[in-house]
Amino acid sequence: MTREEALFKYTLRLGDNALILSQRLSEWCSYGPILEEDLAMTNFALDLIGRAQAFLGYAAQLEGIGNTEDTLAFRRSERQYYNNQIAELPNGDFGHTMVRQLFISSFEQLLFSQLRNSKDETIAAVAAKTLKEVKYHASHAGDWVIRLGDGTDESSRRVQQAVNAIWPYTAEQFEMDEVDSLLVAEGIAVDLQSLYADWKNHIAAVFAEAKIAMPGECYMQTGSRQGIHTEHLGHLLSEMQYLQRAYPDAKW
Amino acid sequence: MVTTALTKEQVLGWLSEIADPEIPVVSIQEMGMLRDVNITGDACEVLLTPTYTGCPAMGIIEADIKALLHEKGVANATVKMIYQPAWTTDWMTDEAKEKMRRYGISPPVHSGCGDIFKAEQHVSCPKCGSEDTAVVSRFGSTACKALYKCNTCHEPFEYFKCH
């Protein structure tokens, strides 16, 4: 693998993670439990779609075969997507969505703090920008996990169930492959494994305050680095891509 | 077509009239979004930076810039989005902040806002000036604003978040 190929795949993965989570969060639009949370989740979705646009646009430029951020988003099938599986998991209830957000945003806060110093100028610039937004996402999700976890018997039970259900999807965020190793050596990417301890400490602190039990050792889901996904991604893409698949190049 | 050569100052002067579509009392220049203009022959490239990565106003601003330059006779105008350095509310002029306050939006407090959540605690009401205010929601009608209410005059208002 050349440096250029690795950079393309890395940028694509960053874009895919943002795009797929954005699509999931936007499903909450007009369905939020209260107006303020409806606004919060759609605000997150908007931040993420902007980040996806920046990274996929850069990926298209690196690939150099005439793709754009739009064709990358709308013309690839599920096996060509490289987002972590956690991003494609269905929303569940509001507590479930906040738990997923906490797991992802806490990881992203660590990731983008380091990517700000990437030797690739575009990645560094988008990371600096996105970090400010991710801090809000992580803080908001953490507040809700605490409020619901340390809330009523029902809210606590539901948050614990969400934690147990999503936990097996958390380790994939820290998986390293050939792309990562090559770009870490170039000073472009981050050693994801090195972020895990800080991430877990942060999650443990939130759980302690939320009175939520940390899941034990278990089987961890894997596969997205090879384009292997849960059954949920295909359904998500079929909805997201419908218009451009049915009417290619249709303009708003 | 323009008969005399374009100058950067001339183009920047024209563009300073373009308003932020979400906060029409301030211009994109006062907001710090308009970064630079490059003139090469008859081509004009405008460098723009987004406030938030997903700000939907950027598309409108880009269209406004192209329409205005077209009207001024610049046939070859392009708009380039740049991310470095990342936009910050520190680039907003004091005048813009004052206009924003008069418009009913509490402007960002100041500074690099190292601690964004600390800055949220000292937001003054744009109507009566009281500092006794409370957050209703950290997320508002646009990505850049939060919802507040004033405990003194009881008016709800928007706060432009430090960024």
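Quantities reported herein were computed from a predicted structural model and do not represent experimental measurements. (Residues numbered from 1 in each chain as written. Chains lettered and ligands numbered in written order. Predicted model: local features only at pLDDT ≥ 70, side-chain atom pairs only at ≥ 80, totals over all residues. Heavy atoms only, no water.)

**Comments concerning the side chain of A:Ser155**
And step 1. Residue placement: A:Ser155 occurs in helix α7 (residues 153-166).
And step 2. Here the side chain of A:Ser155 touches A:Leu148 through a polar contact of 2.7 Å, landing on its backbone oxygen. (Helix = DSSP H or I, 4+ residues; strand = E, 2+ residues; numbered from the N terminus. Polar contact = N/O pair within 3.5 Å; in protein donor to acceptor, adjacent residues only side chain to side chain.)

**Describing the interface of chain A and chain B**
And step 1. Taken together, the contact pairs 22 residues of chain A with 25 residues of chain B.
And step 2. Between chain A and chain B lies a buried interface of about 2100 Å² when both sides are counted; carbon and sulfur atoms form 63% of it.
And step 3. For the pair chain A and chain B, the interface holds one salt bridge.
And step 4. Among the ionic pairs, A:Asp143 bridges to B:Arg138, the shortest N-O distance being 3.9 Å. (Contact = heavy atoms within 4.5 Å. Buried area = accessible area lost by both parts, 1.4 Å probe. Salt bridge = Lys/Arg side-chain N within 4 Å of Asp/Glu carboxyl O.)

**What to know about the environment of B:Cys153**
All names here are of chain B.
And step 1. Inspection of the secondary structure assignment puts Cys-153 in the loop between β6 (145-150) and β7 (156-160).
And step 2. The partly exposed category is assigned to Cys-153, whose relative accessible area is 29%.
And step 3. For Cys-153 and Val-11, which are 142 residues apart along the polypeptide, the C-alpha to C-alpha distance reads 44 Å.
And step 4. Once you skip the residues sitting within four places of it in the chain, Cys-153 turns out to touch Cys-125, Lys-127 and Cys-128. (Buried < 20%, exposed > 50% of the residue type's maximum accessible area, 1.4 Å probe, protein only.)

**With respect to the sheet that holds strand β5 (residues 133-137) of chain B**
The strands that make up a sheet are held in pairs by hydrogen bonds between backbone atoms, and each pair lies either parallel or antiparallel.
Residues and elements named next belong to chain B.
And step 1. The four strands lie next to each other as β4-β7-β6-β5, forming an open sheet whose pairing is mixed. Of all the strands in the sheet, the pair left with one neighbour each is β4 (105-106) and β5.
And step 2. Pairing between β5 and β6: four bridges, direction antiparallel. Within β6, the residue paired with Ser-137 across the bridge is Leu-147. (Pairing = 2+ DSSP bridges.)

**Description of the nonpolar core**
And step 1. Counting 79 residues, the largest nonpolar core has A:Tyr10, A:Phe103, A:Leu111, A:Phe112, A:Leu115 and A:Val145 as the members making the most contacts within it.
And step 2. The contacts of A:Phe112, once residues within four sequence positions are left out, are A:Leu14, A:Arg51, A:Phe55, A:Ala127, A:Thr130, A:Leu131 and A:Val134.
And step 3. B:Ala57, B:Val74, B:Ile105 and B:Phe160 belong to the second largest nonpolar core, which has 34 residues in total. (Core = buried A, V, L, I, M, F, W, Y, C linked by side-chain atoms within 4.5 Å.)

**With respect to the pairing of strand β2 (residues 43-48) of chain B**
Residue and element names in this part refer to chain B.
And step 1. Where strand β1 (residues 34-40) lies against β2, six bridges are found, and the strand directions are antiparallel. Note on β2: the bridge partner recorded for Asp-36 is Leu-47.
And step 2. Connecting β1 to the antiparallel partner β2 that follows it, the hairpin turn spans two residues, and Gly-41 within it adopts a positive phi of roughly 65 degrees.
And step 3. Across six bridges, the pairing between β2 and strand β3 (residues 76-81) is parallel. Bridging from a neighbouring strand, Val-46 pairs with Val-79 of β3.
And step 4. Viewed along the sheet, the connection from β2 through helix α3 (residues 57-71) into β3 turns out right-handed. (Right-handed = clockwise from strand over helix to strand, strands pointing away.)

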